Amino acid sequence: QDLRTLDVKSHRAATGLRATDFPVFPHPNPDGTAWVTTRAFPDSGGQDVVLVPATGPRVRLTFASHDDGAPVFSPDGREVAFSTARWNHLSHYDLAVIRIGSDSVLPLTNTDALDAGPIWSPDGERIVTERRYFDGTPSKLCWTSVDRRRGDCFRPPGFDGALTLDGWLSPNRL
């Protein structure tokens, strides 16, 4: 199914993305002029992050031999956080950030656990994820500052099983 934007004043649908442009659900940027998603590329052998403007050609943001996925725009739309298997010898996902217009990828986490599905804080200072372990350790909520100077992982008291993150309520509440 195609994805289009809708102008709520004129009630008109704008040209958008064809279903072939996004194999997984895209994430819109804050001003609604583009989406990020992932696509498979034969030269990397895996999924890479792609910027899909509402008008104009797609722009491949990452080039890695291991999968990059779950991309999300920062609140200001200048950066994209994503999960990546590029640094882990077991292909477990870590978190990374890339600035739009740059080819420099900043690693945010580096563990043998699985960090997938990054979620930006409303102020754009931190990213949270659910960290899943492969040795039976219960999953934890982990956050890191984008500059990697601060971070914490914890298991909230009273939670059993997997933790599901929906988003931030404020800069300090999930």
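Residues numbered from 1 in each chain as written. Predicted model: local features only at pLDDT ≥ 70, side-chain atom pairs only at ≥ 80, totals over all residues. Heavy atoms only, no water.

Caption draft 1: Inspection of the overall build of the chain at higher detail. Scanning the chain for helices and strands turns up zero helices and 14 strands. For the chain, the succession of helices and strands along the chain, N to C, is β-β-β-β-β-β-β-β-β-β-β-β-β-β. Considering only contacts within the chain whose residues lie at least 6 apart along the sequence, 26% involve residues at least 24 apart. Just so you have it, the chain exposes about 10,000 Å², and 51% of that area is on carbon and sulfur atoms. (Helix = DSSP H or I, 4+ residues; strand = E, 2+ residues; numbered from the N terminus. Contact = heavy atoms within 4.5 Å. Areas by Shrake-Rupley, 256 points an atom, 1.4 Å probe, with all protein chains shown as cover.)

Caption draft 2: Quick peek at the state of the cysteines. For the coordinates displayed, the defined rule picks out one disulfide. The side chain of Cys142 participates in a disulfide bridge whose partner is Cys153; the two sulfur atoms lie 2.1 Å from each other. Taking the torsion about the S-S bond as the criterion, the Cys142 to Cys153 disulfide, at about 120°, is right-handed. One end of the pair, Cys142, is in strand E13 (residues 140-145); the other, Cys153, is in strand E14 (residues 151-154), and 11 residues separate them in sequence. Residue Cys142 is classed as buried on the basis of its relative accessible area of 3%. Looking at Cys153, the relative accessible area reads 30%, which means it is partly exposed. (Disulfide = S-S within 2.5 Å. Buried < 20%, exposed > 50% of the residue type's maximum accessible area, 1.4 Å probe, protein only.)

Caption draft 3: Representation of the sheet that holds strand E10 (residues 105-107). Taking strand neighbours across the sheet as the criterion, the four strands line up as E7-E8-E9-E10 in an open arrangement whose pairing is antiparallel. In this open sheet, the two edge strands, each paired with only one partner strand, are strand E7 (68-73) and E10. Averaged over all pairs of adjacent strands, the angle between their axes in this sheet comes to 30°, without regard to strand direction. Note that E7 and strand E8 (residues 79-84) share four bridges and pair antiparallel. Counted as the bridge partner of Asp68 is Thr84 from E8. (Pairing = 2+ DSSP bridges. Axes fitted to C-alpha atoms, helices over the stretch in contact; angles between N-to-C directions.)

Caption draft 4: Highlighting the sheet that holds strand E3 (residues 27-28). Here we have four strands laid out as an open sheet, ordered E3-E4-E5-E6, and antiparallel in their pairing. Each edge of the open sheet is held by one strand with a lone partner, namely E3 and strand E6 (59-60). Direction of pairing for strand E4 (residues 34-41) relative to strand E5 (residues 46-53): antiparallel, over a ladder of eight bridges. Among the inter-strand pairings, Trp35 is bridged to a residue of E5, identified as Val52.

Caption draft 5: Structural view of the environment of Asp115. Looking at the element boundaries, Asp115 is found in strand E11 (residues 114-120). The exposure class of Asp115 is buried, given its relative accessible area of 0%. Linking Asp115 and Arg132, residues 17 residues apart in sequence, is a C-alpha distance of 6.7 Å. Sequence-distant contacts of Asp115, that is, excluding residues within four places in its chain, are made with Ser83, Tyr93, Asp94, Leu95, Thr109, Thr129, Glu130 and Arg131. Separated by 2.9 Å, the side chains of Asp115 and Thr109 make a polar contact. (Polar contact = N/O pair within 3.5 Å; in protein donor to acceptor, adjacent residues only side chain to side chain.)

Caption draft 6: Examining the environment of Ala113 more closely. Within the element layout of this structure, Ala113 appears in the loop between E10 and E11. Judged by relative accessible area, which is 4%, Ala113 ranks as buried. Each C-alpha atom, one on Ala113 and one on Phe134, is 6.5 Å from the other, the two residues being 21 residues apart in sequence. Each residue touching Ala113, except ones within four places of it in the same chain, is listed here: His92, Tyr93, Arg131, Arg132, Tyr133 and Phe134.

Caption draft 7: A look at the packing of aromatic side chains. Taken as a whole, this structure holds zero aromatic pairs when the rule is applied. A cation over an aromatic ring shows up here: Arg86 above the ring of Trp87, its NZ or CZ 5.6 Å from the ring centre. Lying over the aromatic face of Trp143, Arg126 brings its terminal NZ or CZ to 5.2 Å of the ring centre. (Phe/Tyr/Trp six-rings, centres within 6.5 Å; stacked < 30°, edge-to-face > 60°. Lys NZ or Arg CZ within 6 Å of the ring centre and 35° of its normal.)

Coordinates in, geometry out; function isn't part of it.
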